[in-house]
Structures are given as C-alpha cells and as structure tokens.
Protein chains: 12
Amino acid sequence: MAKKPLPIYVLNGPNLNLLGLREPEIYGRTTLNEIGKMVAKQAKTHGLSVVFRQSNHEGELIDWVQEARTKSAGMILNGGAYTHTSLALHDALRALDKPLVEIHLSNPFAREEFRHHSYISSLAKGVIVGFGAGSYLLAVDALASLLEGPAA
Amino acid sequence: MAKKPLPIYVLNGPNLNLLGLREPEIYGRTTLNEIGKMVAKQAKTHGLSVVFRQSNHEGELIDWVQEARTKSAGMILNGGAYTHTSLALHDALRALDKPLVEIHLSNPFAREEFRHHSYISSLAKGVIVGFGAGSYLLAVDALASLLEGPAA
Amino acid sequence: MAKKPLPIYVLNGPNLNLLGLREPEIYGRTTLNEIGKMVAKQAKTHGLSVVFRQSNHEGELIDWVQEARTKSAGMILNGGAYTHTSLALHDALRALDKPLVEIHLSNPFAREEFRHHSYISSLAKGVIVGFGAGSYLLAVDALASLLEGPAA
Amino acid sequence: MAKKPLPIYVLNGPNLNLLGLREPEIYGRTTLNEIGKMVAKQAKTHGLSVVFRQSNHEGELIDWVQEARTKSAGMILNGGAYTHTSLALHDALRALDKPLVEIHLSNPFAREEFRHHSYISSLAKGVIVGFGAGSYLLAVDALASLLEGPAA
Amino acid sequence: MAKKPLPIYVLNGPNLNLLGLREPEIYGRTTLNEIGKMVAKQAKTHGLSVVFRQSNHEGELIDWVQEARTKSAGMILNGGAYTHTSLALHDALRALDKPLVEIHLSNPFAREEFRHHSYISSLAKGVIVGFGAGSYLLAVDALASLLEGPAA
Amino acid sequence: MAKKPLPIYVLNGPNLNLLGLREPEIYGRTTLNEIGKMVAKQAKTHGLSVVFRQSNHEGELIDWVQEARTKSAGMILNGGAYTHTSLALHDALRALDKPLVEIHLSNPFAREEFRHHSYISSLAKGVIVGFGAGSYLLAVDALASLLEGPAA
Amino acid sequence: MAKKPLPIYVLNGPNLNLLGLREPEIYGRTTLNEIGKMVAKQAKTHGLSVVFRQSNHEGELIDWVQEARTKSAGMILNGGAYTHTSLALHDALRALDKPLVEIHLSNPFAREEFRHHSYISSLAKGVIVGFGAGSYLLAVDALASLLEGPAA
Amino acid sequence: MAKKPLPIYVLNGPNLNLLGLREPEIYGRTTLNEIGKMVAKQAKTHGLSVVFRQSNHEGELIDWVQEARTKSAGMILNGGAYTHTSLALHDALRALDKPLVEIHLSNPFAREEFRHHSYISSLAKGVIVGFGAGSYLLAVDALASLLEGPAA
Amino acid sequence: MAKKPLPIYVLNGPNLNLLGLREPEIYGRTTLNEIGKMVAKQAKTHGLSVVFRQSNHEGELIDWVQEARTKSAGMILNGGAYTHTSLALHDALRALDKPLVEIHLSNPFAREEFRHHSYISSLAKGVIVGFGAGSYLLAVDALASLLEGPAA
Amino acid sequence: MAKKPLPIYVLNGPNLNLLGLREPEIYGRTTLNEIGKMVAKQAKTHGLSVVFRQSNHEGELIDWVQEARTKSAGMILNGGAYTHTSLALHDALRALDKPLVEIHLSNPFAREEFRHHSYISSLAKGVIVGFGAGSYLLAVDALASLLEGPAA
Amino acid sequence: MAKKPLPIYVLNGPNLNLLGLREPEIYGRTTLNEIGKMVAKQAKTHGLSVVFRQSNHEGELIDWVQEARTKSAGMILNGGAYTHTSLALHDALRALDKPLVEIHLSNPFAREEFRHHSYISSLAKGVIVGFGAGSYLLAVDALASLLEGPAA
Amino acid sequence: MAKKPLPIYVLNGPNLNLLGLREPEIYGRTTLNEIGKMVAKQAKTHGLSVVFRQSNHEGELIDWVQEARTKSAGMILNGGAYTHTSLALHDALRALDKPLVEIHLSNPFAREEFRHHSYISSLAKGVIVGFGAGSYLLAVDALASLLEGPAA
C-alpha cells in the first residue's frame, strides 16, 4: 500500500519537555528524549518510522497536525494541558483523517476535575492513559494494529 | 476624512487555511486564497483596500489586532475556534476602537453547543454567519456602510 | 424556475411596530414602515417582490410561517422577543422548507443574557445581527444569493 | 349519570394543522382531519361525542380549556410546542377539574432535550406518547375508562 | 398637569377571568368583575379614572401595553402566568415609559419554583403581592402616590 | 409471519410484587398476579400469548431482556425504580430490536423530580403512564397494533 | 378581640439605620427615624400602636421576632441583607404565627441577582417593595386590613 | 515471587455476553468467548493465566472483585454500563489492592454524555479504550508490565 | 403487644462483609461477624432479638426489606454504597411501614461529595453515622426506644 | 487522665429556646430546659458534667466554641439554622480539637433541600439526627464512649 | 488635608483572635496582638494612626464599619469567614465611602471552593492575600499610598 | 546562599504591552516600560535584579516560566487574560518550584464574572490586585520578603 512508507507522528504538548524533571511522583523519571528513542525502537518492530516532536505553542501543534494530514500514516498525541482547553486543536484534528490515538502519562481521571474533559477523545480511535512511558509504547502497538487493519 | 485611506483588516483564525480541503459539507469548496481575492474585489467597489491574513497562533492574531489599532479603518474577524475560547483575543479587541464585524462561514448555532458562545460577539458592531464565502462579502458591505456613517 | 415569481416573506415579531419610537439608542430612529420600503426597493434590484408584515401575536406569526410554506420563495425573520422563547415558532419553521435568514436590528450578544439563545438560529441558513435597518438589506442580498444558488 | 351527555374535548396545539404534511418521518402521513374522524368513531364505541379543535394561538387554547370547564366531560390534549413552554396553559388546566389525558404523536423523550419537560404532565391523569394517530385512540379508550369509573 | 386626566390602565393576564371560580383556597372568592369595581372606586378617591381589562392572549396584552404608552398615566399589571414566561411582554413594558406597579393576588414566592422569576419586576417601580383583591387597592394607592410625585 | 407465534414479554421491575399492598393511594389495590391475568386475557383478544414476570434484581431483568431478543415478539416494560437509574437495563434494551412499550401505574411526572427521567423512554416506541392496571391493558392494545403494522 | 390592643412590630435589619445617609439614589433621603414617625401616625388611623426597632445583629432580630410571638398583633419586616442570607431568621419567623408583611424600600428584583431570593417571602402573607418610605405605609394599611379580617 | 502463580482476573459487566451480536458497528463482530481465548493466549506469552468471567449482576461482579483480593495478581475490568453508575463496584475496587486496568471496547468519550464519567477510572492504574478486542490484548500487555515492575 | 416478639432486622449492604479487612483507617478493625454478636447482645438488654444479614446484591437487599414488612419490628440499615444510588431500595423502604434507623460506620459527610446524598435518609426515623461499630449499638438503643414508644 | 474532670459542652443554636412551643409536630413538646436536665442526668451515668447553653447569636456561639477549646472535654452541638449557613462557626470548630458530635432533633434530610448541607458534619466525629430529645441522650453516650477511647 | 489626622481602621473578623493558636500550618504562629503592634508601627512610618479591632459578631463588625464612615481615613479588612457569607457586611461597606483594602493571611484560592467567593472584593480598591502577617503590612503601605493620592 | 544572585522574573501576559494606551479608566496611564523601570528600582532597594518581559503568546510565556526554573529566584506574574484560561500556564507554574506572586493592575473581582477564576492563584504564595502599577511594587516587596525568609 502507498500509505505504508509514511511515518507516524508522535506529538507532545506543553510542558512535556520537562518530563523526568518536574513532579516525578506523577510523571516518572524518564525524559521525553528517552521516550522518543523507545518509541522509535518499538515502531521499528512494526516496520514504522516516527516523527517525534514537542511544543509549548498551541499554534505550532496545530501547524503540525495540519502537516500530518498529508505526511503521516497516523498520529499519537499527548496534548498535555491543551487536551483540556484547545478547541482549535480539536478542529485541526477533525481534518486529520488519519487514525489517532490519544495518550497521557498519568491517569487524568485520578487527578483534578478540570483534567477529566478532553477535546481530543471524541476524535480519537482509542485512548490509553496511566502507564507512564508505557502509554506511548502501547499506543505504538495499537496504532500499528489499526494501520494493518482487519486483514492482519 | 483622514481614516479613509487606511485599509480594512480581514483576519482569519486557526484552521481556516484548510478551507476548501477539510469538511466541505460544512465549509464549502472555496479556498481561503480565493476568498481573499473576492474580498479585495468587493472592497474595491466601496473604495476600500484590504489586509487579508490567517494564523493558527492565538498570540499572532492578538499582535495583528493590536497593529490594527493604528493601521486599519475597521476589521472583519473570523476567529475560528478562538472565537469560543480566547479571552485574550477579547481583551485585544476591547482596545481596538474600530468598527468590528464578526463572521463565520457556517452557522455555529446549528452545530455543537460549545460553538454557541463567542468572546467576540459582545464587542462586535454586528455579526454575520452561515453564508459561506458570502459571509465575507456581506461583511465588507456592512463594514463599508458603517465607515461611511449615517450621511451615506 | 417555478419558484422565482413567488415573493419573499419578511416577518417581524412583537413590539417591532414601535420601531423608531422606543429606545432609539438601541433600535435607531427609522420606523418599521420606512424599513419595509427600503426592503422592497432592495429586493427589486434582485428581481424579487416582498410580503412585509408585523404582529405581536405568536399565533399569528405561526399562521404566517405556515402560509409561507406554499406562498413564499424564502423568508427573512426578525422574531423579536419570541426569538428567545417560542418553541412553537421553532416548530412552525421546521416545516417551512424554504431558505430562512434570521435578523436582528441590535446585537443580542451585547445585551442581556436572556437574549443570547435563539430558537430560530439552528433552523436558519444564516444569521445577520447588529446593523440596524442595514440588517434587513444585507439579509435581502444574502437571501437573493441563496435563491440564485451556486450557478449564479 | 348527568355527566355522560357532555362531549369530550380533544384539543390540538400549534402546528398540528400541518399534520401529514411536515416531517412525516416523525409525525406520519395521516392529516389532523382524518384523525378527528377516527377519534369520533372510536369515541362512539364508548357512547361518547367529541369536540375536536386546533389552534396556533396560545390564548385561544386557554379560552377553550376554560370553556371545557362547564361544557366537557373530560379532555384529551396534544399541546404541541406549548406543552413545553406554556405556564399559562398549565394554569388554565389547573382550573379544569375534569379528567385530562396528555398525548403526543411522537415520543418526546426520544427527541430534543427541550421537549422532555411538560407543563401538562403533572396535571394529567395519564400520558400516552409515541403511537402516532394511535395515541389519540388509546387516549379515547383510557378517558372512557376513567369516566366510567371503578364500577365498570 | 397634562397627564392627570389620563386614566390608569389595570391589565390582567391569562386565567384571571376565572377569578372567584378556580382554586379559591389560593385566589379567594371575589370575581374579577367585582375587583374592577373596587379598583374604580378606590381610584376615584385619588381623582383617577381606570381602564380595566383582561385577556388570555399574550399578543393582546402587548397591544394594550403599547396603547397605554400614549393613553395612560400609569399601569397596574397582574401578568398571571405570562409574568414568568413572556419576554415579549417585558419588551413591550420597556417602551411604556409610565410608572408601573406589578401585582399578584397570591404570594408567588410561597408557591412553585417556576413562579419565582418575573419578567416584569425589573421594570416595575414597585411590586405588591399576596393580599388578594387588596393587592389591587394598595397598588392604586401606591400608583396615585407615584403620580402625585414628591410634592404631594 | 414467523414472528406471530412468539409471545410478548411483560416484565416488571423492583417492588412491583408488592402491588396492591403498599401505598394503595398511589398504586391502587389490584395485585400483580391479577394484572397478569388481565393482561393475558386482553392479549388473547389480539391472538397474542404473554410471558409475565417480576424481579427485584437488575441483573435478572437484564437476563430476561436478553432472552427476549430471540423469544419474544415485543415487550411491555414497567421498570419500576430501575427506570430511573439503570443504564445497564438501557444497554440491554438497545440490543432488543423488538417493539418496546414503557408503562407505569402512576404518573411519574406528578411525583418526585427523581422519577422524571427515564433510561427506557428514549428506546421505547411509546410510553403509557398513569392509568393504574389500565396502563398494562392499553399497552397490550398499542403493542398489538404495532405488531400488526400499517397493513392492519 | 383580645389581640387588638397588642401593637404591631415593625422591625428593620442591618444598615437601615443609615437610611437617608447612604446611597440616596437607591434608598431616598428620609431617615429611619422619620419613617418611624410616619408609620406610627399611619397605624394610628387604623387604631394600631407600633413597636419600631432596628438592629445590625442577626441574633437580636431573632430575639425580637421571638418576643413578637406573644407581644405583637402582626409584623412588618424589612430584613435588609439578612433577607437574603438568614435561615435562622426564617426559622424564627416560622414560629411567629402572626400575619407577616415583608417590605423593602427599593425593588430588589431590579438590583443584583443575589438580592432576588428571600428567606422571608415564603412565610409572609404578602410582600411590598419599591416604594421607598411608601412601602412602610402601604404595609401598615395591608396589615391593618389583614388584622381586621374578612368581616371588615 | 509468591504472587506470580496467581492468575489475572478479566471481568466483564452487563450485556457484554451479547458481544458480536448487538450493535456491531459499535462493538465489532468478535464474541466474548473468542476474546476470552485471545486473552488467554496473549497472557500466556507473559507467563500469566487468566480467570475470564461475565455477569449481568452488579452483586456478582462485586463478589468476584472481593474474591480477587486474595486469588488474583491483578485485574482487567470492562465494567460495561456499571462503569458509569455503580458506586458499590467502586467501593469493592477500593479494597482490591491489586493493579487494575479499566478497558472498554468502544471509546465512551465519542458516545453519549452519560458514558463519560467512570466510577472505575480514579481507582485504575491505567485506562485503555476504543480498540475493540484489541483493548483487552493491550491491557494484558500493560498489566503484565505492571506486575513485572520497574526491574523488567 | 403482638409486635414485641418479632425480631429487629439489621441489614448490611455491599462490601460490608470486608469489614475489618479493607481500609481500617476508615472503617476500623472489627469484623462484621463481631459486630453482629455485639448487636445481638445489646438488643438482648432491650429484650429484642436480631436478624443480622449482609449482601452485595441490591435485589437481595430489596427482597429482605420486603420480607421485613411482616417479619420484623423495626430495621437498622447500613446500605453501604447503595445508600447513595439505589432508588429501588428507597421504594422498598417506602413500603416497610416499620421504624427505620439509617447508620454508617464512618461519617459520609467527611468523605467524597458523592456520599453526601442518601436515598434512605428521607425515609428513616433517624440517622446515626461516624461511630464505627458504635453506630450499630447506638442504633439498637434508639430503635428500642422508638419501639417502646412515648410511654417508656 | 487530666482531661476527665472537664465538662462536656452541649451548645444549642438559634430558636432552640422555643423548643416545645413552636411546631411540635416537627420538634416535639419537650422544652430545652427539660432536655438540659435529661442530658445532665445521662452524662452523670458516665461520670461526666455538662455545660448546657443556647444562643440566637452566631457570634456568641463562636465565643463559646472558642472557650470550649480549653474548658471542655468534648462537644455536642445542635447548630440549628446556623448548621446550614455559618462558615464562621465551621472555622471556630476547626480549632476546637476536641471530639464533636453533631445532633438535630428532627431529621433534616426529610425536610427542605436547604437543610441538607451542614457546615458542621465534615468536622464532627459523628452525627445523630431524628430522635427528638433522644438525639441528645444518644450523643451523650456516644461522646462518653469516644472520651473513654478504645481501651473501654 | 483634613482627612489626614483620622486613623485607619484595621478590622478583623471571626476566629482571628485565635491567631497563632489554631492551625499554625495555615495561619502562622504570630498572634493577632503582635500583628496589631506591627501594623501600628508600620502605619507610623506613613504618619498614620490605627484603630485595630476584632469581633466574632457579624453585627458588631457592621457597627464598626458604620462608625468608620465618619471616624476613619480608610480601612483594612480581614473579614475571616464573613468574607464569604455576609451580604450585610457588604452592604455596610457600600456606604463606607473610604478606600478599602481586603486582606487574608492565607491564600483562599489555594483552599476550599467555598472560600473563593468574597462579598468584600468587589467593593475593595485592592486585595492582598497569602503573605501571613505580611499581608497586613503590605496593606498598610498600599492604603497609605492610596491616601496620599497620585501626587505622592 | 547560591540563589541570591539570581534575578527575579516579572512576566506580563497578553495585551499588557498596550498599558497606558487602552482603557485608562481601568488600567491607568503608566506604560509597561515605565513600570519595568519602577520595578527595577524597587527591586534594587532589596538587592535584587529583575528580568522584565511581556508576550501575547501563551507558548512563549510557558517557555519563560520553564526558563525561570533554573534562572530565577522567584516570580511575579501578571498573566493578563491567560490567568483565566490557560491550564498549560498552570502546569508550567506547577514545575516552577520558586516563590510566585500573582498580580493584577485592576481588581478582577470588581469586573466581569469570567475574570474571577484564576489558574494561577492556587499555585501562588500570595496575590496582590487592584493597585495599578502599585501592585507590581508591593509584589516586589512581598517577594523580597519571601526570599529573605523568616530569619529576615
């Protein structure tokens, strides 16, 4: 299939660049850089390449989601705080037209009320939360499976 | 009048650069570029020039609104999703002190509940929604009429 | 087309007969009668005739909306206060099956909270508010454009 | 009994005169006129006569409810949209002092949220909804049974 | 003063024609006709004449309020159930520009929740509720006092 | 038709086994057993047989609804208190794929607020409430009519 | 009757001792002392004496309401801000068992939202608001009328 | 470690026994039985055995959760509709003291509002939704990883 | 009296069988079995016998409440989580017609918001919470006192 | 222990001095004075002395709670209406640092909605409501038991 | 200026007399008396004298605010719990007509929800919270600066 | 201490660059540049240097907060409109781990409802609002005091 050679996009929202530094009791001690490497390795086992990025800027994340419309096979998105507030990100994702998996390091439902609603969930194929860096790896497996389709 | 030679600003918020590509059943098939040309042409019939821009970045839109305080005769604003979430954009518009017309391509009141509230409406002279690219052209007429004042 | 010779209906809800008399700082000084003439003139430029009426009676407006099902090409509706309270008018409009443009003289979103919700908006093709008598004229242009369709 | 010779009142609220014409996927294709005949026939099997009326005017419905205080044996009421908004109709029914059956053609609980509350239900002996014209016939049976009382 | 010879308008909303007949434990046993006579007599002691009317039709009440703009010195309004639902009546009263006293026979605050909000109160000079027919007589005294002004 | 020989299921939720014993001013004095016999007799007039059951156990009611998917022609359900709280029952009914009539002995809309919402109504073809044991008999007529279809 | 010689209690809540001094555009320029004299004079025309008091202390007002149970014929209460917050005052009034008239100088329904609810209204025979010092005088008339009963 | 030989519990709530039969567009065509086999196979790759059960009875699910306190190494729970309504299940899970993974076949956040809240999420280590039968397999991997701990 | 020989029912809802095992910082270390013995002993001092049961099944608790209608002199109910969610249990208790005392081991008002509402409280004679096993013993005393009546 | 000789404080809020006089169908016929004696007697059986007071003044109750910080062994508090409105009392109790038992004569959960929330409950060790004067006696037993501690 | 010789009022609400004794982790260990001295000293550096008071009685605080209308140059108010509940205090402050600074020792926005709303804030010139005794000293500086006006 | 030589960060959110230009009746006439100089001067009196910045871009503010984690001794933050909408800024501040003082020029509690909630307050040591440029200077004093600690 033509779509296969396209990479998957793994996008990370605001403050995730601090991973491993801030609040380790919630987010663990692995850095985002280390997670990026683990993700690439896991994706490789499915024959997939990865574009792995982070931004604190809502607009930049929207730019990347738009870019992914033609340049990615699917997306894994950890929207950070924009998950809960960005209708603009929601609108960008509506136009994505690629399988989307929403992830979070921690379990937002075990945290403050204002982290319970997500502007991403209703557009995602599936959601995986609470497994730390493991959320990324499970998402790679899940997305790979979605891309292979029912035939696999 | 001194104000006349100033152009009108037509600003477009997040994801409007995808116009004509995403969800045509809601937004139609005309691209934002094509709309820009139609707007310039329509404005010309009123002897008005146009500054036509789009950004996915909330901060950039705020920069432009501030710029328009001294460099525009009036504004037409399609805030996209920031319409519904950006208090910062609202604050920028409070300081605009120029006639403002809010527009939308589709009719937000016929869509999801979270698109019913607007941070722009209470500051706008008028609102025009639901006529696709036509919303822009009607807004040009309306803004021209506001600039001409009661004498016209 | 067979529909062309049919007039457009421009209906006005409660208290709009007081136009030009009450609260001129909100509604302006033009009377409803004068607006009726301006509307007819503007419609003529599009080759359209107009039925222009006002009533304080919810039931009478519903009767007229029902009448418009077979006798009009499209409708411009300034529902006045019934805009915000009349589910019965909403139901009548659901059966209209003609292009509908909702208008208001002032911008309801810059007024009291209880004027923010409209039972008409979700059924309208588009909404134009805040331009005083200008709202009517822009609506005539918009409706004409809708009646001509994409071919025009 | 003295009450028997009095007819039952079957009143219909706004837009029900469009029955069979508008939104047949919700309301079916039978006209209100045809329903009136079916109702009269069904009532006759119980030895009852029928006053069958429709109005788009809230005030006219209130007048009829007041009239029914002395001129009817009981009432079947399809309040249409006034069901959900008319406190004045509610007040009129409070003074009715005759058995009341509320009916609806479609099932309002399977429709929009704003059709879930009824100003009539709390005053009705019973409610029957969702069976199209059948709602009227079941209501005639139910009302007949209420009028005959426990002895039957 | 020029205003003196004008009568005061005493308007009564839906179902008040049933007074003395329905729910006497709430509304008492005096008929509306009898109240009309008591009001006229009491007004006479202040040198005032009275126009006393009742309607079940929201639109008719609005017509009368509009009429009162030029033909009355002031208004006493028992809006009945429209008190709680009619934004259109509210809009009509906004244009009244005469002293307005809102009254109710019973005390709405001791009744159902949905009778606690009034669309009239915010526009009234004062409110008198709960004294049965006495509410009308106290309102005549109060309105007379308002018309005489601080000099009296 | 193949479906005809299948019985209709008439299921009764928690505490309905106390019928005739508890709160007779609300529920009447007829026992559930007696109602079962009346239902069977009424169904027979339509050539229908009946499976009539009651349980206080949410899970057992769900088991029966699942069973009815293949073994019934249609269902009459008096869900008792589970009507208002059981999303699990709602999910079971979603898979029923047979005409469903919701009934209640008393009129829940004339009772406490927490009995106004129903998890069953949105899935039912129709709802009949408030006629005591009569609700069951009217429901049999209604369901029979639904099973016969438009041809009858 | 034995009750007649008892005085009526006219109690005034917090900040009413500032009357005539603070915010005259809302409360007028008459002092509470002057109102006390007007009230006594008006009561005398009905053959009634008056106990007229003010306190800023919720507990003291409650003490007085309890005292009034045996020492007053009826009560006029301007609860000031405690009207809107004091459930304890409400409970004291529940045990009053004398006719109670609630008054306010200004019309609370034309002021902030948090002045719309009253803990007193549901226990009052009637409510009179918005007539400045006139509210007190009308209340004296109303209370006198209530004490005389239907025979008068 | 002593815990290793203990099986993992995979519990399924109400209506999941209908899997593959009802609403395949939401839940897919795989039966619960088939999923049970896939889960066992996947668990085996981690050296884990599985207890796989389903019940429509809230109480039975609670019994099983209590049983799992001493007889399981960890739990995967698809609570079905009880997810959203069962505080009792929540309380049972609070006492579980084993790693818990909540799963759903479909994505509840893309469905009705009343499926957005979960009584399970706040007690779960992680949540996986939206991948159909894949949700189970990912959960087995996730749970295995949690049981192996950071050393693995 | 005939009622005396009847035992009192002490019913315990879901998860109370784990007492003494789970979350001892909230519920203490005494087992339900031990509480049962303490209750029996305390009841004996009042000449009362006890039926002491626990179930995780809502339906079984309802069965027992129904049984208690004829077989008990009064009831002490620790509804556990069903306290907060079971309208069906509420309905069963409405038909109990015996003195009912609601108890909880811990103080629900010092815990999560969703434990603050009780479907039992409004039907109970009294409520005792927060004294651990002591809540049961105080309830036995309270119930004994209620059964002895004012004469004792 | 050093604390033993200190008395327990039994404080009573607004309007409780009317006990036995007002609304006996809710509060019974025993006076507060009589309850004070019963409490002292009951406390004596536990070797405890009692300080028993009542005030209608929120500030006075706060003064007493502060006094109790050093002069009492524990407190029983019937806050009356201040229970539901006094955050200041709540703050005083936060600093009490002695076992606190909240009581009410009647069951607030069987009364108006605004009596359901308590500012005291979350700070109390336990709550006892609904047993009239018996609530006080049970509270003495409960408090005595708390003071004796687990050793007793 | 004539106003200068007037002292500033520093008023403290309920439970602040316990400062330094209760909950030191929230309120610190400095007593109110010590703060009074620090405030006087700090005020002296601005040439200001201080009236420093505390009361647990809402009415007494209102009395003092009224007194301050003529006897103070400005006010610093730590309303304690009355901040969040006292509309009567709000009304007293509306009539103060002197610069008002609201302070709190701790940061109420980092505490319970019911401490987030303040009846004082909307009337204050400024608000300073969270700096313990430092809040008082900063407020003295701020108030001094306000009294000196723009010239300083 | 090593931390002392680090500057304090004073960050300013959207539209604050317009200070002195827009809405002077709310924000005063001092420009942000002038405030920056005053702040630097005031900080110098405490031996502190200042990094003073403004941005309209949410992401840029987040970048700066992250930078301040290692490069600042403490922070003063005027978040402008992002105060009320930016959860992402909140998350960045959670990782700041330096004393934070939130400030506003005007008093948000005296403005629109949507300016009452702050995502910053719960993370700030203290909050100072309403003193115009003075808010900045007081915050410098407060922050200096926090940095010196209890020893100072």
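Here, the structure is the one placed above.
Residues take numbers from 1 onward in each chain, read along the sequence in its written order. The lettering of chains begins at A and the numbering of ligands begins at 1, in the order of writing. Owing to the predicted nature of the model, reporting of local features is limited to residues with pLDDT of at least 70; listing and counting of side-chain atom pairs is limited to 80 or more, with chain, interface and lining totals taken over all residues. The side-chain quantities take in all heavy atoms of the structure and omit both hydrogens and water.

Q: Break down the overall build of chain A for me, with residues and values.
A: Only DSSP runs of H or I covering at least 4 residues are called helices, and only runs of E covering at least 2 are called strands; the numbering of each starts at the N terminus. If you tally the helices and strands in chain A, you get six helices and five strands. Start at the N end of chain A and walk to the C end: the helices and strands fall as β-α-α-β-α-β-α-α-β-β-α. The C-alpha radius of gyration of chain A comes to 14 Å, within 12% of the 15 Å expected for a compact globule of 152 residues. For the C-alpha atoms alone, the extent of chain A along its principal axes is close to 45 × 30 × 25 Å. Looking at chain A residue by residue over its 152 residues, the buried ones come to 61%. Contacts: residue pairs with any heavy atoms within 4.5 Å of one another. Considering only contacts in chain A between residues 6 or more positions apart, those separated by 24 or more positions represent 77%. Here the open area of atoms and residues is found with the Shrake-Rupley method and a 1.4 Å probe, where only the protein chains shown may cover a residue. Total accessible area on chain A is roughly 5800 Å²; 53% of this is exposed by carbon and sulfur atoms. Each radius of gyration is computed over the set of C-alpha atoms, and the globule rule expresses the reference value as 2.2 Å times the number of residues to the power 0.38. Only protein chains enter the calculation, and the probe is 1.4 Å; a residue is then buried if its accessible area is under 20% of its type maximum, exposed if over 50%, and partly exposed in between.

Q: Hey, could you go over the relation of the copies chain G and chain J for me, with residue numbers and the actual values?
A: The copies are overlaid by a least-squares fit using only the C-alpha atoms of residues whose pLDDT is at least 70 in both copies. After a rotation of 120 degrees and a shift along the axis of 0.0 Å, chain G superposes on chain J with an RMSD of 0.0 Å. Such a combination of rotation and displacement between the chain copies is what one expects of a three-fold axis. In this assembly, only 13% of the residues forming the interface of chain G have copies in chain J that are likewise at the interface, indicating a heterologous arrangement.

Q: Could you give an account of the packing of aromatic side chains, naming the residues involved and the relevant values?
A: Residue and element names in this part refer to chain H. Here a Phe, Tyr or Trp ring, Trp counted by its six-membered ring, pairs with any other such ring whose centre lies within 6.5 Å, and the pair is stacked when the planes are under 30 degrees apart, edge-to-face when over 60, and tilted otherwise. Applying the stated criterion across every chain yields a total of 30 aromatic pairs over all chains. Look at F52 and Y136: their rings are 6.3 Å apart centre to centre, the planes differ by 40 degrees, and that puts the pair in the tilted class. On the criterion of sequence distance, the pair formed by F52 in strand β2 (residues 50-54) and Y136 in helix α6 (residues 133-148) is long-range, its members being 84 residues apart. Judged by relative accessible area, F52 falls into the partly exposed class, the value being 25%.

Q: Provide a residue-level description of the interface of chain G and chain J, including the pertinent values.
A: Each partner contributes to the interface: chain G provides 15 residues, whereas chain J provides 19 residues. Defined in terms of a 1.4 Å probe, buried area is the accessible area two parts forfeit on being brought together, summed over both. Here chain G packs against chain J, burying approximately 1400 Å² in sum over the two surfaces, 48% of which is carbon and sulfur. Summed over the three residues of chain G that lose the most area to chain J, namely Q66, L87 and R94 of chain G, the buried surface amounts to 38% of that side. The salt bridge definition used is simple: a Lys or Arg side-chain nitrogen within 4 Å of an Asp or Glu carboxyl oxygen. Between the two partners, chain G and chain J, sit two salt bridges. In this structure, D91 of chain G and R115 of chain J form a salt bridge, with 2.8 Å as the shortest nitrogen-oxygen distance. Here a polar contact is recorded for every N or O atom pair within 3.5 Å, except that within protein the pair must consist of a potential hydrogen donor and a potential acceptor, and residues adjacent in sequence are included only if both atoms are side-chain atoms. Joining chain G to chain J, the criterion identifies eight residue pairs in polar contact (both at pLDDT 80 or more).

Q: Could you give me a rundown of the sheet that holds strand β3 (residues 74-78) of chain H, with the residues and numbers involved?
A: Note: two strands are recorded as paired if DSSP finds a minimum of 2 bridges between them. Strand order in the open sheet formed by ten strands is β2(A)-β1(A)-β3(A)-β4(A)-β5(A)-β5(H)-β4(H)-β3(H)-β1(H)-β2(H), with mixed pairing between adjacent strands. Strand pairing shows two members of the sheet lacking a second neighbour, β2 (50-54) of chain A together with β2 of chain H, which therefore form its edges. Direction aside, the axes of adjacent strands within the sheet are offset by 15 degrees on average. Pairing geometry for β3 of chain H and strand β4 (residues 100-104) of chain H, over three bridges, is parallel. Across the sheet, the residue bridging to M75 of chain H is L100 of chain H, located in β4 of chain H. Where helices are involved, their axes are fitted lines through C-alpha atoms of the stretch in contact, as for all axes, and angles between N-to-C directions lie from 0 to 180°. Together, β1 (8-12) and β2 of chain A form the strand contacts of helix α2 (residues 32-44) of chain A, whose direction differs from that of β2 of chain A by roughly 165 degrees.

Q: Can you lay out the pattern of salt bridges for me, pointing to particular residues and giving the numbers?
A: Evaluated as defined, the whole model comprises 60 salt bridges over all chains. With a shortest N-O distance of 2.9 Å, E112 of chain F and R94 of chain I are connected by a salt bridge. With E112 of chain F in the loop between β4 (100-104) and β5 (126-129) and R94 of chain I in helix α5 (residues 87-94), this pair bridges two chains. Because the salt bridges share partners, they merge into one network encompassing D91 and R94 of chain A together with R111, E112 and R115 of chain B.

Q: Can you lay out the interface of chain H and chain A for me, pointing to particular residues and giving the numbers?
A: Facing the 18 residues of chain H at the interface are 18 residues of chain A. Of the roughly 1500 Å² buried at the junction of chain H and chain A (both faces included), carbon and sulfur atoms supply 67%. Viewed at the interface, chain A and chain H are joined by zero salt bridges. Sorting the residues of the side of chain H that touches chain A by element identifies β5 (126-129) and α6 of chain H as the ones contributing at least two each.

Q: Let's hear about the relation of the copies chain H and chain A: which residues, and what values?
A: You can overlay chain H on chain A at an RMSD of 0.0 Å; the transform is a turn of 180 degrees with a shift of 0.0 Å along its axis. Such a combination of turn and shift is consistent with a two-fold rotation axis. Across chain H, the rotation axis passes nearest the C-alpha of I128 of chain H, at a separation of 2.2 Å. Interface overlap between copies: 100% of the residues of chain H at the interface are likewise at the interface in chain A, consistent with a symmetric, same-surface contact.

Q: Talk me through the sheet that holds strand β3 (residues 74-78) of chain K; I want residue IDs and the actual numbers.
A: Strands belonging to one sheet form pairs held by backbone hydrogen bonds; the direction of such a pair is parallel or antiparallel. Strand order in this open sheet of ten strands is β2(K)-β1(K)-β3(K)-β4(K)-β5(K)-β5(L)-β4(L)-β3(L)-β1(L)-β2(L), and the pairing throughout is mixed. Since the sheet does not close on itself, it has two edges, and those belong to β2 (50-54) of chain K together with β2 (50-54) of chain L, each with one partner. Averaged over neighbouring strand pairs, the angle between their axes works out to 15 degrees when direction is ignored. Bridge analysis of strand β5 (residues 126-129) of chain K against strand β5 (residues 126-129) of chain L gives three bridges, and the strand direction is antiparallel.

Q: Run through the pairing of strand β4 (residues 100-104) of chain J, naming residues and quoting values.
A: Residue and element names in this part refer to chain J. Burial analysis of β4 places five of its five residues in the buried class, the great majority of the element. By the alternation rule, side chains of β4 split into L100, E102 and H104 and V101 and I103, which are all buried. The pairing of β4 with strand β5 (residues 126-129) spans four bridges and is parallel. Directly across from I103, in β5, lies its bridge partner I128.

Q: Explain the packing of helix α2 (residues 32-44) of chain L against helix α6 (residues 133-148) of chain L to me, using residue names and the numbers behind them.
A: Helix-helix packing is described using two parameters, namely the angle between the two axes and the distance between the axes. All names here are of chain L. At a minimum axis distance of 9 Å, the contact between α2 and α6 shows a crossing angle of 25 degrees. In terms of axis orientation, α2 runs roughly parallel to α6. Between α2 and α6 lies a crossing of right-handed hand. Contact residues: L32, I35, M38, V39, Q42 and A43 in α2; A133, Y136, L137, V140 and D141 in α6. Residues are grouped as follows: Ala, Val, Leu, Ile, Met, Phe, Trp, Tyr, Cys and Pro are nonpolar; Asp, Glu, Lys and Arg are charged; all remaining types, including Gly, are polar. Looking at side-chain class alone, the contact of α2 with α6 contains nine nonpolar, one polar and one charged residues. Each angle gets one of four labels, with under 35 degrees taken as roughly parallel, over 145 as roughly antiparallel, 65 to 115 as roughly perpendicular, and the rest as oblique. Crossings are sorted by hand: turned counterclockwise from the far helix by less than a right angle, the near helix makes the crossing left-handed, and turned clockwise it makes it right-handed.

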